[in-house]
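This is what each chain is made of:
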Amino acid sequence: MNTTVLKEWIFTTDHKRVGVLYLIGSMAAFAVAGIMAMLIRLELSAVGPTITDNPTDYNTWLYFHGAAMILGFQIPALTGFFANYMIPLMIGAKDVAFPRVNALSVWLFYAGIVVALFTFFIPDPPDIMWTGYPPYSIITHGNTAFYTFAVLLLGFASILGGVNFLTTVAYMRAPGIGWNKLNIFVWATLAAFVLQLIFVPVLGTAVTMITFDKYLGTNFFNPGIGGDVLTYQNLFWFYSHPAVYVIFLPFIGIIYEIVATFARNRIFNYKMVVYGGIGGIVLLSGVVWIHHLYVTGMADWLRIGQMVTTLLISVPVGFMVIGLVGTLYRGAISFETPMLYALGFMFLFLIGGLTGIPLALTALTVNLSETYYVVGHFHYVMAVAGTFAIFGGVYYIFPKMTGRMYNEFVGKLAFWFAFIGVNIVFWTMMDIGVEGMPRRYYDYAHFSQFEWDHQVMTVGAAIIGIGFALTIINWIYGAIKGEKASDNPWRSQSLEWTTATPPPPGNWPEVPVVAKSWDPYAYGKQ
């Protein structure tokens, strides 16, 4: 790459290039987070020290795995890459409303990633997991400030993105594209940005207060001198449970695009999905965080009240799942790689959703909260379901983005490796969790009966690694040497497939004007 091309990418304001920069950064975070996961599994593959005899190393791996996977991979990939690359194309815009602000957001994201990577080069790396719970985060010798700075940088990037895309969709839609003709992905991502704008400042406040406690001598959270750790936990989860929907909404939006295209079918009950599903999630997402705190000691009326709201939010989520199943019904389904990932997502999300019901119930959560059951459930419903949606989405947009096709056989092979591996790991995890295996343990000498299960999960993790490695290789090889792609290889009705492949600067020679009868899902009779 010569210096001119490098300079063009560094100073670009083109939404598509900004999106690709988000993709590169988020995949780098995914790779590092995956390495941390393998280190964790290798350490737990046998009772006693395995690859380290220092528990702080294990805590650092846990910290980086969680923080990088959520804050460095999933949220930036969904609200960074997919939002940047797809939304302007889906609404017929030439770019976003504020291109320079958009460029600033991606470099704030990279700054956050660089700060996080310093974890491996400083003598006192953060060891406080992705939650940063006090009092440990205040008294530890680990560098809590790096955690705070990384969170703040990534948070500022997401806030800038939220302002930008809400403005873009409100004011830059092509003539003829009304609100009820927007793609489901556009609706879902807008909702995610609304949640980010409301709740990210709460997280930023909480982690800043931790840093003040540790380095400036304030007393918000240290119970030893009168602080209250539950204040932090409430602030943290007041953001972090809505953050689940910041991830969930864009990734199910991607799945809707894939399912409609490869089932050759209209979205089943579009308005129910948008107003009942997406709208209902936005309205309820801020009143369910207490189910993370059932075991911390609080009034029963508060536990029971938010048990009800936690169960209630399954209704709008159910609307969205029903919409997917209805879209598949009587469709002419084609099983290309993106569709395999969409169907894999539906299975994983169903398992994750059903196993979440016991955790909404106070009487059961008291017994399950600190076990591997919670870890298995969370990975099913969010981590691997979200990752499958992201990977399926990249496969889906790959021809438009690169102008070339990936290898279909390798794509399907990689899917099956990943799908089999995640079920081996996380089903086993929930199984031993029900039997009493506690989470966050560096060693489990008192629970040695689970050693064989941990070895099975380590093998499963290796299988996952093979699947994801094959995927990355497939993308890189396809982008360089893949067959040339047509402008619309999936025969989609959506607007982004009507421009050239790859889209030029400005996307279209002139802003497209859509017909009154146009619909992004006009595949046949409703």
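The structure this text deals with has already been given above.
The model shown is predicted, which means the values in this text are computed figures rather than measured ones. (Residues numbered from 1 in each chain as written. Predicted model: local features only at pLDDT ≥ 70, side-chain atom pairs only at ≥ 80, totals over all residues. Heavy atoms only, no water.)

Quick look at empty space enclosed by the protein
So, point 1. Inspection of the entire model under this criterion finds three cavities of 30 Å³ or more.
So, point 2. Considered as a void within the structure, the largest cavity measures approximately 210 Å³ in volume.
So, point 3. What lines the largest cavity is a set of 22 residues, among which I75, L154, A157, S158 and Q196 lie closest to the centre.
So, point 4. Counting only elements with at least two residues in the lining of the largest cavity, the list comes to α3 (55–91), α4 (99–117), α6 (144–171) and α7 (184–216).
So, point 5. At seven residues, the largest contribution of residues to the lining of the largest cavity is made by α6.
So, point 6. Here the residues of the lining of the largest cavity sort into 13 nonpolar, nine polar and no charged. (1 Å grid on protein atoms, 1.4 Å probe; cavity = no way out; pocket = protein on both sides within 12 Å on 5 of 7 lines; lining within 4 Å. Points joined across faces, edges and corners; volume = space filled by probe spheres on them. Helix = DSSP H or I, 4+ residues; strand = E, 2+ residues; numbered from the N terminus. Nonpolar A, V, L, I, M, F, W, Y, C, P; charged D, E, K, R; others polar.)

Points about the packing of helix α2 (residues 15–43) against helix α14 (residues 372–402)
So, point 1. Close contact between α2 and α14 brings their axes to 13 Å; oriented N to C, the two are set at 145°. Regarding α2 and α14, the two cross each other, and that crossing is left-handed. Contacts between α2 and α14 involve V20, L23, M27, F30 and R41 on the former and, on the latter, Y372, T387, F391, V394 and M401.
So, point 2. Here the contact of α2 with α14 is composed, by residue class, of eight nonpolar, one polar and one charged. (Axes fitted to C-alpha atoms, helices over the stretch in contact; angles between N-to-C directions. Left-handed = near helix turned anticlockwise from the far one by under 90°. Contact = heavy atoms within 4.5 Å.)

A short note on the pattern of salt bridges
So, point 1. Across all of its chains, the model carries five salt bridges by this definition.
So, point 2. Note that D14 is salt-bridged to K16, the shortest N-O span being 3.0 Å. The pair formed by D14 and K16 is uniform in burial state, with each residue classed as buried.
So, point 3. Where D519 meets R266, a salt bridge forms, and the shortest distance between an N and an O atom there is 4.0 Å. Residue D519 is found in the segment after α16 (451–481), and its partner R266 is found in the loop between α8 (229–263) and α9 (270–284); the two are separated by 253 residues along the sequence.
So, point 4. Judged by relative accessible area, which is 19%, D519 ranks as buried. (Salt bridge = Lys/Arg side-chain N within 4 Å of Asp/Glu carboxyl O. Buried < 20%, exposed > 50% of the residue type's maximum accessible area, 1.4 Å probe, protein only.)

Quick word on the packing of aromatic side chains
So, point 1. Within this structure, the stated rule accounts for 51 aromatic pairs.
So, point 2. Judged by centre distance (5.2 Å) and plane angle (40°), the rings of W107 and Y110 are tilted. With a gap of three residues between them, W107 and Y110 both fall in helix α4, about one helical turn apart.
So, point 3. A ring pair is formed by F199 and F238, whose centres lie 5.1 Å apart and whose planes are at 75°; its orientation type is edge-to-face. Of this pair, F199 sits in helix α7 while F238 sits in helix α8; the two residues are 39 residues apart in sequence, bridging distant segments of the chain.
So, point 4. Here R17 stacks its cationic end above the ring of W9, 4.7 Å away from the centre of that ring.
So, point 5. The ring of W179 has R173 lying over it, and the distance from NZ or CZ to the ring centre is 4.3 Å. (Phe/Tyr/Trp six-rings, centres within 6.5 Å; stacked < 30°, edge-to-face > 60°. Lys NZ or Arg CZ within 6 Å of the ring centre and 35° of its normal.)

So, the nonpolar core
So, point 1. Counting residues in each nonpolar core, the largest one holds 175 residues, and the members touching the most others are F248, L249, F345 and F388.
So, point 2. With 23 residues, the top contributor of residues to this core is α3. (Core = buried A, V, L, I, M, F, W, Y, C linked by side-chain atoms within 4.5 Å.)

Notes on the side chain of E43
So, point 1. Residue placement: E43 occurs in helix α2.
So, point 2. Nearest to the buried, unbridged E43 among oppositely charged side chains is R41, at 10 Å.
So, point 3. Looking at E43, its side chain comes within polar contact range of the main-chain nitrogen of I51, at 2.9 Å.
So, point 4. A distance of 3.1 Å separates the side chain of E43 from the backbone nitrogen of T52, its partner in a polar contact.
So, point 5. Residue contacts for E43: discarding those within four places in its chain leaves G48, P49, T50, I51, T52, Y58, W61 and Y442. (Lys, Arg positive; Asp, Glu negative; His and termini not counted. Polar contact = N/O pair within 3.5 Å; in protein donor to acceptor, adjacent residues only side chain to side chain.)

Quick notes on the environment of G411
So, point 1. Tracing the sequence through the fold places G411 in helix α15 (residues 408–434).
So, point 2. In sequence terms G411 and F193 are 218 residues apart; their C-alpha atoms lie 31 Å from each other.

Quick look at the environment of I198
So, point 1. Checked against the element boundaries, I198 lands in helix α7.
So, point 2. The exposure class assigned to I198 is partly exposed, which follows from its relative accessible area of 49%.
So, point 3. Each C-alpha atom of the pair I198 and G286 lies 9.5 Å from the other, and the pair is 88 residues apart in sequence.

Focus: unusual backbone geometry
So, point 1. Omega for the bond connecting P134 with P135 falls within 30 degrees of zero, at 5°, which places this linkage in the cis form.
So, point 2. Summarising the element assignment, P135 is placed in the loop between α4 and α5 (136–139).
So, point 3. Put simply, T501 and P502 share a cis peptide bond, and its omega is -15°.
So, point 4. The backbone of M129 sits at a positive phi, close to 55°, despite the residue not being glycine.

Any functional reading would require information that these geometric values do not contain.
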